[in-house]
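Report on the structure
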Amino acid sequence: MIAPSMPLRQRKAGFTLTELMMAVGISGMVFAGAFAVYISGLRIWHTTSLEIDTSAEASDTIQKIVYGIGSQGGVRGAVRDTVGVSNSSDGWTISYVLPDGPTNYYEYNRSAGTMRHSHSMAAGQWHTIAKGITTASAVDVGAGMRLTVCYARQDGQFSASNTMTTFVAYRN
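The notes below deal with the structure included here. A quick note: this is a predicted structure, and the numbers were derived from the prediction, not measured.

In this section: the nonpolar core. One finds V75, I94, Y96, M115, I133, M145 and L147 to be the most contacted residues of the largest nonpolar core, which totals 25 residues. Elements represented by at least two residues in this core include exactly α1 (17–67), β4 (91–97), β5 (103–109), β7 (127–130), β8 (133–140) and β9 (144–155). Once you skip the residues sitting within four places of it in the chain, I94 turns out to touch I65, V75, G84, V85, N104, Y105, Y106, A138, M145 and L147.

So, about the pattern of salt bridges. Inspection of every chain in the model, using the stated rule, returns three salt bridges. The partner of R153 in a salt bridge is E57, and the shortest N-O contact between them spans 2.7 Å. Within this pair, whereas R153 is found in strand β9, its partner E57 is found in helix α1, the two being separated by 96 residues in sequence. With a relative accessible area of 27%, E57 lands in the partly exposed category. Among the ionic pairs, E107 bridges to R116, the shortest N-O distance being 2.6 Å. Overall, E107 belongs to the buried group, its relative accessible area being 18%.

The next point concerns the sheet that holds β9. Spatial ordering of the open sheet is given by β8-β9-β10, a layout of three strands whose pairing is antiparallel. The sheet is open, and its two edges are formed by β8 and β10 (158–169), each paired on a single side. If you compare each strand with its neighbour and ignore which way they point, the axes differ by 10° on average. Across seven bridges, β8 lies against β9 in antiparallel orientation. By the bridge assignment for β9, T135 is matched with C150.

Calculation criteria
- Residues numbered from 1 in each chain as written.
- Predicted model: local features only at pLDDT ≥ 70, side-chain atom pairs only at ≥ 80, totals over all residues.
- Heavy atoms only, no water.
- Core = buried A, V, L, I, M, F, W, Y, C linked by side-chain atoms within 4.5 Å.
- Buried < 20%, exposed > 50% of the residue type's maximum accessible area, 1.4 Å probe, protein only.
- Helix = DSSP H or I, 4+ residues; strand = E, 2+ residues; numbered from the N terminus.
- Contact = heavy atoms within 4.5 Å.
- Salt bridge = Lys/Arg side-chain N within 4 Å of Asp/Glu carboxyl O.
- Pairing = 2+ DSSP bridges.
- Axes fitted to C-alpha atoms, helices over the stretch in contact; angles between N-to-C directions.

Next comes the structure, spelled out in structure tokens:
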């Protein structure tokens, strides 16, 4: 009897080595691209976070000077003739009287990078309201005051800075 002809090699189900190598190569490129996008997103998030922090700190400091702290009125409520800005080599001090009588002081110390508030110039009466200030200025311009506060932060390779400026009109 004659045996049926059998193929010399039977094809089995599966992938060839070339197909597997192509799949691994393409998957590797996809993962590398996804990882690059992830790292880029982290960098953007970290930089944006620093920018938001410095902006909030500058805004909070300006708000405390303009509107006051707690029940103490800020520069916005000052009587025009009582406002004074005295500059020194290491910063400046704002003094003003509110209509109901109390005198308030804000002091910027350049070397310490701090802003302090007091109701009395006596020692021990100062309360720190802001730290880490890079620069600040207070300029009396007659009908009001121009305030500027700048914060800068660096965290590793990431850095951000924000400057806030406002004009505060005095009471008549």
